[in-house]
Amino acid sequence: MDKIVIHGGKKLVGEVMNSGSKNASLPIMAAALLSAEPSRIENVPDLRDVHTMVKLLRVLGAQVDYTNGVVEVYPGNAIKSNAPYDIVSTMRASVCVLGPLLTRLKEADVSIPGGCVIGARPIDLHIKGLEMLGADILIDHGFVKAKAPKGLRGADVYLGGNFGSSVLATANVLMAATLAKGTTYIEGAACEPELVDLAEFLIKMGAKIKGHGSHLIEIQGVKKLHGANHRVIPDRIEAGTFMVAGAMMNGNDILVRNCIIDHNHALIDKLKQSGALVLKSKSSIRLKRRGRLRPVDVTTLPYPGFPTDLQAQMMALMTLTPGISVITEKIYPDRFIHISELTRMGAKIFLEGSTAIVSGVGHLSGAPVMASDLRASAALLLAGLAAEGETEVNRIYHLDRGYEKIEEKLSALGAEIFRKKEESQKELAAVAL
Ligand code: EPU
């Protein structure tokens, strides 16, 4: 398995180009299945998860081309309803094909994506929402088997759960409702920008949607959708990760280009409170660290609250902040696997339920660490960049799921970072023998 090696302590200065959003691209690619006609989706980042979605769409019978950030999907009329375990189990966002397949084919058999290291991740809200639109759903041998022989019907669907609204459940019900008979109201809908981008794509396909971006979405079902062209929004989590990097070490000064500032207000507010200098312009943001870091408290919440997908990165910053900082995780109460790895680098973090109390140590020391999930990997990179000495981040395939050309981007900012390929490790082992 590839690993990333970092020689920490180098100042990060310069410009970085933010990629297109992973979490917007994936449901939008699935939404292309709603029409037989071709769709063209631009600004799609070159990531493992995107390649997994390409593979899934092909297995379902669509022709898919992915070249230079452009995905072209031609579903045609021979789409299959079965999304197999071996693909769905590798990426939770695969569950996004459930709504489109069910509404278009009147049946869908989609493997249950299962939990992951960030928590249990149930799909009860997806199922509840589709049942309210009239689907018969059975969980059978690890598959969601959904049928609606007479087609789906519009309904009032409440999608708030114990941890707030669900992004992908809202996406599934939204996509399913576009071809349902009558009007659907999604109450307690997720408001995340990725969901809004999905709605914009669906509207371009001919869907009738109002209220996206609010907790109440109205969808008037139509008989047919057509193919559409769309450019995916910039990735607010990647941008946020670079912003945290800019705020982490004295002398850092990073200009993040191609971002939507409105999507990151919760983070910007916390970084300002931490003493970072933030300069905003239309589609870029500059983050500078001058002087002492100040402790902040963060609670993750659905959008527009502080995103859970930036919690681990923020924790990396807190480990260097003198004093006590507190993180409360309200979306995934168990999303704290990174704590043990940050501790290996000298961080002092005490976990009490879903609250982490970080006692800043002022400096971290490089160490071999293990990435456990995508955002935890990003936190370990940030910690490694600021640490003294060498950090080796193992299992970086997680990172490749969500960060495009991350070592190239960080090297261009002045980081000493490189990837050790599996082959070269084998070669080294052979030399050692
Ligand atoms: N939940 C339920 N029932 C459901 C669905 C969700 O109880 O049927 C709970 C979850 O367990 C969690 C909360 O609701 O406690 C929110 O989960 P949500 O459904 O919103 O998560 P998701 O849609 O599966 C997306 C992103 C995640 C991101 C979350 C929260 C994609 C592909 N994934 O997941 O991104 O953390 O929203 O914002 O869009 C990542 O990119 O690293 C990542 C994990």
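Looking up the protein in an unreviewed UniProt entry gives the name UDP-N-acetylglucosamine 1-carboxyvinyltransferase, with the organism given as Candidatus Danuiimicrobium aquiferis. Looking at the Function (unreviewed entry) heading of the UniProt record, one finds this comment for the protein: "Cell wall formation. Adds enolpyruvyl to UDP-N-acetylglucosamine."

Visitor: I'd like a rundown of the overall build of the protein, residues and numbers included.
Guide: A tally of regular secondary structure across the protein gives 15 helices and 24 strands. By the compact-globule yardstick of 22 Å for 433 residues, the protein fits well, its C-alpha radius of gyration being 22 Å. Counting only C-alpha atoms, the protein reaches 65 × 50 × 40 Å along its principal axes. Evaluated residue by residue, the protein yields a buried proportion of 57% over its 433 residues. For the protein, restricting intrachain contacts to residue pairs at least 6 apart in sequence, the fraction spanning at least 24 positions comes to 73%.

Visitor: Please give an account of the pattern of salt bridges that cites residues and values.
Guide: This structure, assessed with the given rule, holds 20 salt bridges. Of the charged contacts, one joins Glu15 and Arg257 as a salt bridge, the two residues approaching to 2.8 Å between their closest N and O atoms. Here the residue Glu15 occupies a position in strand S2 (residues 13-17), and Arg257 occupies one in strand S15 (residues 253-257), the gap between them amounting to 242 residues. The partly exposed category is assigned to Arg257, whose relative accessible area is 32%. Among the ionic pairs, Arg40 bridges to Glu72, the shortest N-O distance being 3.5 Å. Of this pair, Arg40 sits in strand S3 (residues 39-42) while Glu72 sits in strand S5 (residues 70-74); the two residues are 32 residues apart in sequence, bridging distant segments of the chain.

Visitor: Could you give me a rundown of the sheet that holds strand S12 (residues 208-210), with the residues and numbers involved?
Guide: Strand pairing in a sheet relies on backbone hydrogen bonds. The paired strands run either parallel or antiparallel. One open sheet accounts for 4 strands, arranged S10-S11-S13-S12; its pairing is mixed. The open sheet terminates on both sides in strands that have one partner only, identified here as strand S10 (156-158) and S12. Strand-to-strand twist in this sheet, taken as the mean axis angle between neighbours without regard to direction, amounts to 15°. The pairing of strand S11 (residues 183-187) with strand S13 (residues 216-220) spans 5 bridges and is antiparallel. When the bridges of S13 are listed, Thr184 appears paired with Ile219. Relative to S13, helix H6 (residues 167-178) is tilted by about 25°, and along the sheet it contacts S10, S11, S12 and S13.

Visitor: Give me the lowdown on the domain arrangement of the protein, citing residues and values where you can.
Guide: What the domain assignment reports for the protein is domain 1 (2-18 + 234-426) and domain 2 (22-220). Put simply, the middle of domain 1 and the middle of domain 2, counted by C-alpha atoms, are 30 Å apart. In this complex, domain 1 contributes 25 residues to the contact, which on the side of domain 2 involves 18 residues. Summed over both partners, the interface of domain 1 with domain 2 buries about 1900 Å², with 54% contributed by carbon and sulfur atoms. The three residues of domain 1 that bury the most area against domain 2 are Tyr303, Arg401 and Glu404, which together make up 30% of that side's buried surface. Applying the counting rule to domain 1 against domain 2 returns 2 salt bridges. Between Arg401 and Asp49 there is a salt bridge, with its nearest N and O atoms 2.8 Å apart. At the boundary of domain 1 with domain 2, the tally comes to 7 residue pairs in polar contact (both at pLDDT 80 or more). Listed by contribution, the elements that provide at least two residues to the side of domain 1 that touches domain 2 are helix H12 (374-386) and helix H13 (397-400). When its residues are assigned to classes, the side of domain 1 that touches domain 2 shows 10 nonpolar, 4 polar and 11 charged.

Visitor: With reference to specific residues and values, describe the site of the ligand.
Guide: The environment of the ligand is formed by 23 residues, the closest being Asp124, Ser166, Asp309, Ile331 and Arg375. Take Asp124: an N or O atom from its side chain is 2.7 Å from a nitrogen atom of the ligand. Within the backbone of Leu168, one N or O atom sits 2.8 Å away from an oxygen atom of the ligand. Looking at the shell around the ligand, the elements with two or more residues in it are helix H1 (22-31), helix H5 (124-132), H6 and H12. No other element matches H5, which puts 3 residues into the shell around the ligand. A breakdown of the residues in the shell around the ligand according to their chemical character gives 11 nonpolar, 5 polar and 7 charged. Counting only domains with at least three residues in the shell around the ligand, you end up with domain 1 (2-18 + 234-426) and domain 2 (22-220).

Visitor: Describe the packing of helix H8 (residues 236-248) against helix H9 (residues 265-273), and please don't skip the residues or the numbers.
Guide: At a minimum axis distance of 11 Å, the contact between H8 and H9 shows a crossing angle of 5°. Here H8 is positioned roughly parallel relative to H9, judged by the angle of their axes. Judged by residue contacts, Gly240, Met243, Val244 and Ala247 of H8 engage Leu267, Ile268 and Leu271 from H9. Per-class residue counts for the contact of H8 with H9 are 6 nonpolar, 1 polar and no charged.

Visitor: Give a description of the nonpolar core that names residues and reports values.
Guide: In this structure, Val97, Leu174 and Leu202 are the most contacted members of the largest nonpolar core, which totals 78 residues. Looking at this core, the element that brings in the most residues is H6, giving 8 residues. Leave out the neighbours within four places in its chain, and Leu174 touches Ile186, Leu195, Leu198, Ala199, Leu202, Ile209, Ile217 and Ile219. Membership of the second largest hydrophobic core comes to 69 residues, among which are Ile4, Leu342, Leu380 and Val393.

Visitor: Describe the UniProt feature "modified residue: 2-(S-cysteinyl)pyruvic acid O-phosphothioketal" (unreviewed entry) in the protein, naming the residues involved and giving the relevant values.
Guide: Per the UniProt annotation, the sites labelled "modified residue: 2-(S-cysteinyl)pyruvic acid O-phosphothioketal" (unreviewed entry) are Cys116. Following the sequence through the fold, Cys116 ends up in the loop between strand S7 (107-111) and H5.

The rules behind the values
- Residues numbered from 1 in each chain as written.
- Predicted model: local features only at pLDDT ≥ 70, side-chain atom pairs only at ≥ 80, totals over all residues.
- Heavy atoms only, no water.
- UniProt positions renumbered as here; feature names shortened; annotations may be inferred.
- Helix = DSSP H or I, 4+ residues; strand = E, 2+ residues; numbered from the N terminus.
- Rg over C-alpha atoms; globule rule 2.2 N^0.38 Å.
- Buried < 20%, exposed > 50% of the residue type's maximum accessible area, 1.4 Å probe, protein only.
- Contact = heavy atoms within 4.5 Å.
- Salt bridge = Lys/Arg side-chain N within 4 Å of Asp/Glu carboxyl O.
- Pairing = 2+ DSSP bridges.
- Axes fitted to C-alpha atoms, helices over the stretch in contact; angles between N-to-C directions.
- Domains from an automatic or database assignment.
- Buried area = accessible area lost by both parts, 1.4 Å probe.
- Polar contact = N/O pair within 3.5 Å; in protein donor to acceptor, adjacent residues only side chain to side chain.
- Nonpolar A, V, L, I, M, F, W, Y, C, P; charged D, E, K, R; others polar.
- Near = heavy atom within 4 Å.
- Parallel < 35°, antiparallel > 145°, perpendicular 65-115°, else oblique.
- Core = buried A, V, L, I, M, F, W, Y, C linked by side-chain atoms within 4.5 Å.

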